[in-house]
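What follows is the residue order along each chain.
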Amino acid sequence: VQLQASGGGLVQAGGSLRLSCVASGRTFSSYTMGWFRQAPGKEREIVAAIKRSGGGTVYSGSVKGRFTISRDNARNTVYLQMNSLKPEDTAVYYCAADFRIIMSSMGMPNEYDYWGQGTQVTVSS
């Protein structure tokens, strides 16, 4: 499967952005999808993930209540709505997919087999 992320940009603190990730290849609805981010000098970390059916989600504690992950299986797309952005949200955001991941592992980047190219999100103070 190939993943193409978009929607990043420069926004002021308190603003919003919506990231999109379009998947091609095998049946999109069969994949658990995740959004991760990596800031300079830091490890890649989970932002949010959503089960193939859309019924189960996980969020990082730092974004819970501000970000929302969703998916449209008919459009082969997963979204990350980011509200109330903070300067510490600045990072490269990556989407990821995996066919076999279990819910307890959804927050672990090493469990995902497929990755998009990343999109830069910069939040100014």
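### Section: the pattern of salt bridges
Okay, step 1: Scanning all chains against the criterion turns up five salt bridges.
Okay, step 2: Two residues, Arg 66 and Asp 89, come together in a salt bridge whose shortest N-O distance is 2.8 Å. Of this pair, Arg 66 sits in the loop between strand S6 (57–59) and strand S7 (67–72) while Asp 89 sits in the loop between strand S8 (77–82) and strand S9 (91–98), placing them 23 residues apart in sequence. With respect to burial, Arg 66 and Asp 89 carry one shared label: buried.
Okay, step 3: Salt bridges sharing partners connect three or more residues here, namely Arg 37, Glu 45, Arg 66 and Asp 89.

### Brief notes about the sheet that holds S7
Strands in a sheet are paired, the pairing made by backbone hydrogen bonds, and the direction either parallel or antiparallel.
Okay, step 1: Spatially, the four strands line up as an open sheet ordered S1-S3-S8-S7, and their pairing is antiparallel. Taken across any chain shown, the strands that pair with only one partner, and hence form the sheet edges, are strand S1 (2–6) and S7. Direction aside, neighbouring strands of the sheet carry axes that sit 15 degrees apart on average.
Okay, step 2: Where S1 and strand S3 (residues 17–24) come together, five bridges link them in antiparallel fashion. Paired with Ser 6 across the bridge in S3 is Ser 20.

### Some thoughts on the state of the cysteines
Okay, step 1: Inspection of the entire model under this criterion finds one disulfide.
Okay, step 2: With its sulfur 2.1 Å from that of its partner, Cys 21 forms a disulfide with Cys 95. Looking down the S-S bond of the Cys 21 and Cys 95 bridge, the torsion is 60 degrees, so its handedness is right-handed. Here Cys 95 lies in strand S9 and Cys 21 lies in strand S3, a separation of 74 residues in the sequence.

Cut-off values and rules
Residues numbered from 1 in each chain as written. Predicted model: local features only at pLDDT ≥ 70, side-chain atom pairs only at ≥ 80, totals over all residues. Heavy atoms only, no water. Salt bridge = Lys/Arg side-chain N within 4 Å of Asp/Glu carboxyl O. Helix = DSSP H or I, 4+ residues; strand = E, 2+ residues; numbered from the N terminus. Buried < 20%, exposed > 50% of the residue type's maximum accessible area, 1.4 Å probe, protein only. Pairing = 2+ DSSP bridges. Axes fitted to C-alpha atoms, helices over the stretch in contact; angles between N-to-C directions. Disulfide = S-S within 2.5 Å.

Honestly, that's just the spatial picture; any functional story needs more than this.
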